[in-house]
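Here is how the chains run, residue by residue.
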Amino acid sequence: MIKLATAFSGIGAIEQALERLKIDYELEFACDNGDIEIDVDYDKELKKIRKMKTIQEKREYVDNLYMTNSRKHNFVKDAYLANYSVKDDNFFYDVKLLDGTDFKNQVDLFVGGSPCQSFSIAGARGGFEDARGTLFYEYARLVKEIQPRVFIYENVYGVLTHDKGNTWKVMQNIFDELGYYYKWEILNAKDYGIPQGRRRLYVVGFKNKKEFDKFEFPKPQKLKYTMQDFLVENTKEGNLVNKNGKLVITENVGEEPEEKYYLSEKLRKYVLCPGTKNFMHHDAEIDLPVARALLSTQGNTHRASVNNYVTTNGRIRALTVRETYRLMGFPDSFKIVVSKSQALKQSGNSIVVDVLIAILKNIECIGGINGKN
């Protein structure tokens, strides 16, 4: 039984990866505030939280902070709890208010990503203090406090060159300070079974050097399906399933997309326009075999060079919600319980499940080398 914890949990990509591999796990905690911002003194509040006696008291205190300081609803929590069971209902709202010491040495695998933020470089070896106030700092702090056996961190590949490389420099220094053996690599979703060009940075860290020495990042695989295979007119909802850790189309029977996804004539002309001074370098290519990287803003009507438009029955439309989840590696069994706009935002923010599956198969103490449990 793998003891799992996640930060910036989203719709549970690592949970899906473990379930698709049929690896038993228990969720120690999940954490995501659904992009809700509250105005509090985080350092002061965390100090107060650390003095509380129980995890439940701490969680309820943070929940109340959000209830009293914001009227917004956490739709990520709705989506998460509809699909996963958290141990003792330990779903936390804010990594900045989470006391990781409550879970010290209780977690086998800790997974998360964080928004790319710049750091102030105080010296030649920027470290924890230089990253304070950033969400990456909070992720690293939790690794330090929890001491998981293995961690997986994900971010956009642009973090390597962000702020002329200074951001990645500070992040590497912090990884060094954690005392873990780690490797990093840029992996693309289209190389691991998903027809989406999505390049992301992955960092995998180990407490145990022998486990670290045995780990290698997965090699690229031949792509079996195209984006068109994942469209509902070719594979109706319910026919994309998990089989032995791989997404499989059970029957090539389609269904008509809902009318709301089709573009009006006015919008069609807009998204196919080659560009203006405000939309430089935008082509109008649609019906791609491999999707462009899905964005959290994909619910907005963008030019075709940003969104993945397709042609169905001679008409141009946007991807359906279910299609975007498929393109993130979620089988049709995943329950979508939020609105269209929220669902599109959540799928665009997710980690690709199949990339995590490929990584897990190469971690001996989790998925087993080459997938052997």
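Before going into details, it helps to say that this report is about the structure given with it. (Residues numbered from 1 in each chain as written. Predicted model: local features only at pLDDT ≥ 70, side-chain atom pairs only at ≥ 80, totals over all residues. Heavy atoms only, no water.)

To continue, consider the overall build of the chain. The number of helices and strands found in the chain is 12 helices and 13 strands. A compact globule built from 373 residues would reach a C-alpha radius of gyration of about 21 Å, and the chain, at 21 Å, matches this within 12%. Dimensions of the chain along its principal axes, counting C-alpha atoms only, are 60 × 45 × 40 Å. Taking all 373 residues of the chain together, the buried fraction comes to 53%. A separation threshold of at least 6 residues defines the contact pool for the chain, and within that pool the share at least 24 residues apart is 71%. When the 55 basic and 51 acidic side-chain charges of the chain are each reduced to a single mean position, those positions are 2 Å apart. (Helix = DSSP H or I, 4+ residues; strand = E, 2+ residues; numbered from the N terminus. Rg over C-alpha atoms; globule rule 2.2 N^0.38 Å. Buried < 20%, exposed > 50% of the residue type's maximum accessible area, 1.4 Å probe, protein only. Contact = heavy atoms within 4.5 Å. Lys, Arg positive; Asp, Glu negative; His and termini not counted. Charge placed at Lys NZ, Arg CZ, Asp CG, Glu CD.)

A few words now on the packing of aromatic side chains. In this structure the tally under the stated criterion is 25 aromatic pairs. For the ring pair Phe136 and Phe175, a centre distance of 5.4 Å and an interplane angle of 75 degrees mean the geometry is edge-to-face. Here Phe136, found in helix H6 (residues 135-146), pairs with Phe175, found in helix H7 (residues 166-177); they are 39 residues apart in sequence, far enough to count as distant. Across the pair, Phe175 and Phe136 agree in class, each one buried. Their ring planes at 70 degrees and their centres at 5.2 Å tell us that Trp168 and Trp184 sit as a pair that is edge-to-face. Of this pair, Trp168 sits in helix H7 while Trp184 sits in strand E6 (residues 181-188), placing them 16 residues apart in sequence. Take Trp168: its relative accessible area is 7%, and that puts it in the buried class. A cation over an aromatic ring shows up here: Lys96 above the ring of Tyr42, its NZ or CZ 3.9 Å from the ring centre. Here the guanidinium or amino end of Arg315 rests over the ring plane of Tyr262, the centre of that ring lying 4.1 Å away. (Phe/Tyr/Trp six-rings, centres within 6.5 Å; stacked < 30°, edge-to-face > 60°. Lys NZ or Arg CZ within 6 Å of the ring centre and 35° of its normal.)

Turning to the packing of helix H2 (residues 42-50) against helix H3 (residues 55-69), a few remarks are in order. Where H2 contacts H3, the axes come no closer than 10 Å and their chain directions differ by 150 degrees. Taken together, H2 and H3 sit at an angle that is classed as roughly antiparallel. Read as a crossing pair, H2 and H3 show a hand that is right-handed. Contacts between H2 and H3 involve Tyr42, Glu45, Lys48, Ile49 and Arg50 from the first element and Lys58, Tyr61, Val62, Leu65 and Tyr66 from the second. Looking at the contact of H2 with H3 residue by residue, the class counts come to six nonpolar, no polar and four charged. (Axes fitted to C-alpha atoms, helices over the stretch in contact; angles between N-to-C directions. Parallel < 35°, antiparallel > 145°, perpendicular 65-115°, else oblique. Left-handed = near helix turned anticlockwise from the far one by under 90°. Nonpolar A, V, L, I, M, F, W, Y, C, P; charged D, E, K, R; others polar.)

Turning to the sheet that holds strand E1 (residues 2-7), a few remarks are in order. Read across the open sheet, the seven strands follow the order E3-E2-E1-E4-E5-E8-E6; overall the sheet is mixed. Of all strands in the sheet, those bounded by a partner on one side alone are strand E3 (91-92) and E6. Relative to strand E2 (residues 25-31), E1 runs parallel, the two being bridged by four bridges. By the bridge assignment for E2, Ile2 is matched with Tyr25. The strands that H6 touches are E1, E2, strand E4 (109-113) and strand E5 (150-156); relative to E4, the one it contacts most, it runs at about 175 degrees. (Pairing = 2+ DSSP bridges.)

A word on the pairing of E2. Counting buried residues in E2 gives six out of seven residues, a clear majority hidden from the surface. Taken together, E1, helix H1 (residues 13-20) and E2 constitute a β-α-β crossover, and its handedness is right-handed. Relative to E3, E2 is paired through two bridges, and the arrangement is parallel. Its bridge partner being in E3, Cys31 is matched across the sheet by Phe92. (Right-handed = clockwise from strand over helix to strand, strands pointing away.)

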